[in-house]
Number of protein chains: 2
Amino acid sequence: MDTTNDPARTSWVTSANAPETDFPIQNLPFGVFRRAGTQDAPRVGVAIGDMVLDVHAAATTAPTQFEGLALAVGACAHASLNALMALGRGPVTLLRAALASALDAKNGEAQSVLQQALIPMRDVEMMLPAQVGDYTDFYASVYHATNVGSMFRPDNALLPNYKHVPIGYHGRASSIVVSDTPVVRPVGQRKGPNDVEPTVGPSRSLDYECEVGVFIGAGNALGDTIPLQSAEQHMFGLCLVNDWSARDVQAWEYQPLGPFLAKNFATTVSPWVVTLDALEPFRAPAFVRPEGDPPPLPYLLTAENEARGAVSITLEVRLQTSAMRALGEKAEPVSRTTFTHMYWTMGQLVTHHAMNGCNLRPGDLLASGTVSGPSKGERGCLLELTWRGVEPLVLSGGETRAFLEDGDVVEIAGWCEAPGMRRIGFGVARALVLPAR
Amino acid sequence: MDTTNDPARTSWVTSANAPETDFPIQNLPFGVFRRAGTQDAPRVGVAIGDMVLDVHAAATTAPTQFEGLALAVGACAHASLNALMALGRGPVTLLRAALASALDAKNGEAQSVLQQALIPMRDVEMMLPAQVGDYTDFYASVYHATNVGSMFRPDNALLPNYKHVPIGYHGRASSIVVSDTPVVRPVGQRKGPNDVEPTVGPSRSLDYECEVGVFIGAGNALGDTIPLQSAEQHMFGLCLVNDWSARDVQAWEYQPLGPFLAKNFATTVSPWVVTLDALEPFRAPAFVRPEGDPPPLPYLLTAENEARGAVSITLEVRLQTSAMRALGEKAEPVSRTTFTHMYWTMGQLVTHHAMNGCNLRPGDLLASGTVSGPSKGERGCLLELTWRGVEPLVLSGGETRAFLEDGDVVEIAGWCEAPGMRRIGFGVARALVLPAR
């Protein structure tokens, strides 16, 4: 039995035992790092408390702790997680269990040799966790879809396909950036309802979207499908995603083929990928469809998915203006929601994506779409929170925001809690908005 | 002065001098090949008549013919064109000129040594020319957009943004395949107007779309734009694209975020990439907008683009049914159109794509969207040709087609002709439709 998630476990890395850490020994998310200020080749690490363990270095230093894991350890010498992802779930599960064992407070032998493979988090630069071959963004919150639809199409808010088709579109892989990469306000075409002609200039309604992403592990060959029963065998883990959006550009460009320049200027992801194994204690039933909603079509329906296809993740969006930063004030929470609000589970998204034989590859990123809930405080973007700017957000210092201003920092945080289990977190996906060039 | 396109030139590869060849010495398109039936590492080659010249082997065999071209020649030892593309236009122009000189009928010295770097086309397997990081599909034919719009949105055929915004969306990079890779009919959700509920099954309206693609050469950094004046410096060359589409799936899924599973099961590209230099004699004025249409916004407008931003390419779609194949009949032309019908030039598409700072990378593929013209015989997909199946196509043998059937082969061919210039061609983008799995 895998005891990696046992809440009683502690680590000899004492910062991992602090109640507030995102990275206790029960988490061990994977990321790619290098020592800050160097041009060292990036390597795979796991987060433990306020430290990063260099996995390949750890296995070299303490080979007895990693016996039989040569493939997985070898994949950790790469500059992205793709090679590790490509191995599929089994080897990653075993590697994580070995890491937990090596980092366990009871493992004095490992402690004595693994110190040299630990680097303080403050001394590392985190890189994009994977080379993303294709990035797909879904639209899986029915609350978000209904809110946005009622603003963009008042007569026709939720379209007839929504409750049958997990709606998604292809996003841009090249502009996916890791947390703390500044985002430049995009220039674009926009045409307001009262404008005679479109104009070109910096977006006047820059927004964030709070999302969860799943990185694909083992892929499928072109022409093959992924049954829902095995969808999770193709998932490596989850991260936080900010799908930046220029709402004025989006409103003008999106018909009939969907969002394009309104979104492809940047997508921010958190550096740490939390494995499905670490999320095991936080599984939850799929969304309970209201009376009258159709059931999922058979290919999107299994008893197991209904019973535990969702993951309970609390998501919080925080905003820090430049004025707040000048005063030394931290980012202020502006909304908090939960990932169990999603109409479709991540498994359903994976299965739907491949139902036509579309090949998913290791490192591909599938984002959930904006995670919004039924109440106003649970809305995952400013478009919804301020109802297209009509009801500006009032921050505690008195500043207001209809949309983002230059100098704002947006920080998305996520964590999981369950009775009797150790809390784990995702860290943050954070970025500063720079003025248009 | 670059005399590579001089129509008087001939090659010592005599098949390149045949009037009907797509690959005279004036073309020299780049592709990636290996000897058929081997697992040899793929290499970069150029097409010359019915032969392929292994560029790196040629330069090793006859170094004096390739002096000063070490970088470009080195890039040709790779298994994709990406490294060559990344060098930008200048080195590729010089390499092509050197190849033309080496293959010139007057160059007896090169002929005597380069034979060993030539492989008959029938003995090679062509590979995908580039690793496509991101694939974007545009919608640049106003005739196509109007036809499709009038079928999907009878009241609202051409949307108000069309003449201002080069409409595009992100496609799927993973499922781009090279010509002659069979395409499996996709399964999907579809719901006809008379259906009570959606059903799942093999698409009943599989279609092709005849398009032209541009491969990006030198990229731009995230946050940087590409002014129209320099857009062509970022283009490596053009190829033929078949953007396969499942129309029933598309009609049901595409709102509000655009095509997804209706298109991402396969996209076929031709193996040979024709450089912008080879297309130089076939440049043409940009689309002449009808009286009353708005001019392009300033960022999409230069005198040079208006004067010569288009490329005159004749495009022909051919269909071969399994019955025709059994009788030994060749694929039969079903439509013929020209790339000058496009409302936006490829330069405008590149500039628009990067106007928000979106980073294009070497090897990225931008497809034009279906190339349709004003007359019925110029429609680039069956959806238009058969008006959604209402007016089936009648083939010369008496068979009819509303949409594609299993066993059909679709072949897209393209070529360029101009008075006094040597005709050049693209070869074909071709594939057999296999039954759904």
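All values derive from a computational prediction rather than experimental measurement. (Residues numbered from 1 in each chain as written. Chains lettered and ligands numbered in written order. Predicted model: local features only at pLDDT ≥ 70, side-chain atom pairs only at ≥ 80, totals over all residues. Heavy atoms only, no water.)

1. Regarding the overall build of chain A
Test applied: Numbering of helices and strands runs from the N terminus, with a helix taken as a DSSP run of H or I at least four residues long and a strand as a DSSP run of E at least two residues long. Any two residues whose heavy atoms approach within 4.5 Å are treated as being in contact. Method for areas: the Shrake-Rupley scheme with a 1.4 Å probe, in which residue coverage is limited to the protein chains shown. Asp and Glu are treated as the negative residues and Lys and Arg as the positive ones, with His and the ends of the chain left uncounted. Every charge is mapped onto a representative atom, which is NZ of Lys, CZ of Arg, CG of Asp or CD of Glu.
If you tally the helices and strands in chain A, you get 12 helices and 26 strands. Projected onto the principal axes, the alpha-carbon positions of chain A cover approximately 70 × 55 × 40 Å. Nonlocal contacts in chain A, meaning residues at least 24 apart in sequence, comprise 74% of its contacts between residues at least 6 apart. Roughly 15,100 Å² of accessible area belongs to chain A as shown, and the carbon and sulfur atoms make up 55% of that amount. Looking at chain A, you have 33 positive and 45 negative side-chain charges, and the mean spots of the two groups are 2 Å apart.

2. Observations concerning the domain arrangement of chain A
All names here are of chain A. The condition that has to hold: For every domain, the bounds stem from an assignment made automatically or drawn from a database. Take the accessible area each of two parts loses on contact, using a 1.4 Å probe, and add the two losses: that sum is the buried area. Each salt bridge in this description consists of a side-chain nitrogen of Lys or Arg and a carboxyl oxygen of Asp or Glu lying within 4 Å of one another. Nitrogen and oxygen atoms within 3.5 Å of one another constitute a polar contact, given that in protein one can donate a hydrogen and the other can accept it, and given that sequence-neighbouring residues count only through two side-chain atoms.
On domain assignment, one finds that chain A holds domain 1 (3-126) and domain 2 (135-434). Measuring from the centre of the C-alpha atoms in domain 1 to the corresponding centre in domain 2 gives 28 Å. If you look at the interface, domain 1 gives 32 residues, while domain 2 gives 29 residues. Contact between domain 1 and domain 2 buries roughly 2,400 Å² in total, counting both sides, with carbon and sulfur atoms accounting for 60%. Three residues, M85, R89 and M126, lead the burial of domain 1 against domain 2; their summed loss comes to 30% of the area buried on that side. Connecting domain 1 to domain 2 are 2 salt bridges. Between R423 and D22 there is a salt bridge, and its shortest N-O distance comes to 2.9 Å. Our count for the contact surface shared by domain 1 and domain 2 stands at 14 residue pairs in polar contact (both at pLDDT 80 or more). Looking at the side of domain 1 that touches domain 2, the elements with two or more residues in it are β1 (30-35), β2 (43-48), α3 (82-86) and α4 (89-103).

3. Concerning the relation of the copies chain A and chain B
Note the threshold: What sets the superposition is a least-squares fit of C-alpha atoms, and only residues with pLDDT of at least 70 in both copies go into it.
For the pair chain A and chain B, the relating rotation is 180°, the translation along its axis is 0.0 Å, and the fit reaches an RMSD of 0.0 Å. Expressed as an axis order, the relation between the two copies is that of a two-fold axis. In terms of proximity to the rotation axis, the leading residue of chain A is G258(A), whose C-alpha is 2.2 Å off the axis. Of all interface residues in chain A, 100% are interface residues in chain B too; the two copies therefore contact each other through one and the same surface.

4. Here's the deal with the nonpolar core
Where we set the bar: Among buried residues, the Ala, Val, Leu, Ile, Met, Phe, Trp, Tyr and Cys ones that are joined through side-chain atoms within 4.5 Å form a nonpolar core. Burial classes follow relative accessibility: with a 1.4 Å probe on protein chains only, a residue under 20% of its type's maximum area counts as buried, one over 50% as exposed, and anything between as partly exposed.
Counting 161 residues, the largest nonpolar core has F339(A) and F339(B) as its most contacted members. Discounting residues that sit within four places of it in the chain, F339(A) has contacts with V212(A), L238(A), V311(A), I313(A), L315(A), M346(A), S368(A) and V371(A).

5. Digging into the packing of aromatic side chains
Worth spelling out the cut-off: Two rings from Phe, Tyr or Trp (for Trp, the six-membered ring) form a pair when their centres are within 6.5 Å of each other. A pair whose planes differ by under 30 degrees is stacked, one over 60 is edge-to-face, and the rest are tilted. Criterion for a charge above a ring: Lys NZ or Arg CZ within 6 Å of the ring centre, and within 35 degrees of the ring normal.
Summed over all chains, the structure comprises 16 aromatic pairs over all chains. With a centroid separation of 6.1 Å and 70° between ring planes, the pair formed by Y139(B) and Y162(B) is classed as edge-to-face. Of this pair, Y139(B) sits in the loop between β6 (135-138) and α6 (142-152) while Y162(B) sits in the loop between α6 and β7 (168-170), placing them 23 residues apart in sequence. There is no split in this pair, since Y139(B) and Y162(B) are both buried. Within the aromatic cluster, the residues linked to one another by ring pairs are Y139(A), Y143(A), Y162(A), F287(A), Y343(A) and W344(A). In this arrangement the basic side chain of R289(A) is found over the ring face of W344(A), its NZ or CZ atom lying 4.7 Å from the centre.

6. Some words on the pattern of salt bridges
It is possible for side chains of opposite charge to pair when their charged atoms get near one another. Residue and element names in this part refer to chain B. Applying the stated criterion to the full structure yields 54 salt bridges over all chains. Here R247 and E209 are joined by a salt bridge, their closest N and O atoms 2.8 Å apart. Residue R247 is found in helix α7 (residues 247-253), and its partner E209 is found in the loop between β12 (206-207) and β13 (210-216); the two are separated by 38 residues along the sequence. Note on R247: relative accessible area 5%, which makes it buried. Classification of E209 by relative accessible area gives buried; the value is 3%. The closest approach of N and O atoms between R308 and E280, which form a salt bridge, is 2.5 Å. With R308 in helix α9 (residues 303-308) and E280 in the loop between α8 (276-279) and β18 (283-284), this pair connects stretches of sequence that are 28 residues apart. You can call R308 partly exposed: its relative accessible area is 24%.

7. Side note on helix α6 (residues 142-152) of chain A
Residue and element names in this part refer to chain A. In terms of burial, α6 is largely enclosed, as 8 of its 11 residues are buried. Listed as buried for α6 are V142, H144, A145, N147, V148, G149, M151 and F152. Buried residues along α6 sit in contact with α7 (247-253) and α12 (382-385).

8. With respect to the confidence of the model for chain A
Using the following cut-off: In predicted models, pLDDT denotes the confidence assigned by the predictor to each residue on a 0 to 100 scale.
Per-residue confidence for chain A gives a mean pLDDT of 97, with 100% of residues at or over 70. Both scores are given for the predicted complex: the pTM is 0.98, the ipTM 0.97.

9. Quick notes on the side chain of S80(A)
All names here are of chain A. When you line up the elements, S80 lands in the loop between α2 (70-75) and α3. Note on S80: relative accessible area 12%, which makes it buried. Only 2.8 Å separates the side chain of S80 from the side chain of N82, close enough to count as a polar contact. Residues contacting S80, with those up to four places away along its chain left out, are V32, V44, A75, P129, A130 and Q131.

10. Here's the deal with helix α4 (residues 89-103) of chain B
The following threshold applies: Expected span, for any helix, means 1.5 Å times one less than how many residues it has.
In this model, α4(B) (15 residues) spans 21 Å end to end at C-alpha, consistent with the 21 Å of a helix rising 1.5 Å per residue. Taken together, the buried positions of α4(B) are occupied by R89(B), V92(B), L95(B), R96(B), A98(B), L99(B), A100(B), A102(B) and L103(B).

11. Looking at the sheet that holds strand β5 (residues 124-127) of chain A
All names here are of chain A. Here is the rule: Strand pairing is assigned whenever DSSP identifies at least 2 bridges connecting the two strands. Convention adopted: a line fitted to C-alpha atoms gives each axis, helices being fitted over their contacting stretch, and angles between N-to-C directions are expressed from 0 to 180 degrees.
Across the sheet, which stays open at both edges, the 5 strands sit in the order β4-β3-β2-β1-β5 with antiparallel pairing between neighbours. Each edge of the sheet is formed by a strand with only one pairing partner; in this case those strands are β4 (118-120) and β5. Going across the sheet, the axis of each strand differs from the next one's by a mean of 45°, ignoring polarity. Of the pairings in the sheet, the one linking β1 to β5 comprises 4 bridges and is antiparallel in character. Residue R34 lies in a different strand from β5, and its bridge partner there is E125.

12. Digging into the interface of chain A and chain B
Quick reminder of the rule: Three classes are used: nonpolar for Ala, Val, Leu, Ile, Met, Phe, Trp, Tyr, Cys and Pro, charged for Asp, Glu, Lys and Arg, and polar for all others, with Gly counted as polar.
Each partner contributes residues to the interface: chain A has 55 residues there, and chain B has 55 residues. Here chain A meets chain B over a buried area of about 5,200 Å², counting both sides, of which 60% is carbon and sulfur. Taken together, the connections running from chain A to chain B amount to 6 salt bridges. Of all elements in the fold, only β6 (135-138), β7 (168-170), β10 (187-190), α7 and α11 (346-353) of chain A reach the threshold of two or more residues within the side of chain A that touches chain B. Classifying every residue of the side of chain A that touches chain B gives 27 nonpolar, 19 polar and 9 charged.

13. Some remarks on the side chain of H352(B)
Tracing the backbone through its elements, the reader meets H352(B) in helix α11 (residues 346-353). With relative accessibility at 1%, the residue H352(B) sits in the buried group. In contact with H352(B), not counting residues within four places along its chain, are Q189(A), F260(A), L261(A), V165(B), P166(B), Y299(B) and L300(B).

14. Section: the sheet that holds strand β4 (residues 118-120) of chain B
Sheets are built from strands that pair by backbone hydrogen bonding, the pairs being arranged parallel or antiparallel. All names here are of chain B. The antiparallel open sheet is built from 5 strands, whose spatial order is β4-β3-β2-β1-β5. In this open sheet, the two strands that pair with only one neighbour each are β4 and β5 (124-127). When the angles between neighbouring strand axes are averaged without regard to direction, this sheet yields 45°. Helix-sheet contacts for α4 involve β1 (30-35), β2 (43-48) and β3 (51-54), and the interaxial angle to β1 is about 60°.

15. Brief notes about the environment of D248(B)
All names here are of chain B. Turning to its location among the elements, D248 is positioned in helix α7. Overall, the relative accessible area of 14% leaves D248 in the buried class. Separated by 42 residues in the primary sequence, D248 and L206 have C-alpha atoms spaced 8.0 Å apart. Apart from the residues lying within four places of it in its own chain, the contact partners of D248 are Q189, R190, S203, R204 and S205.

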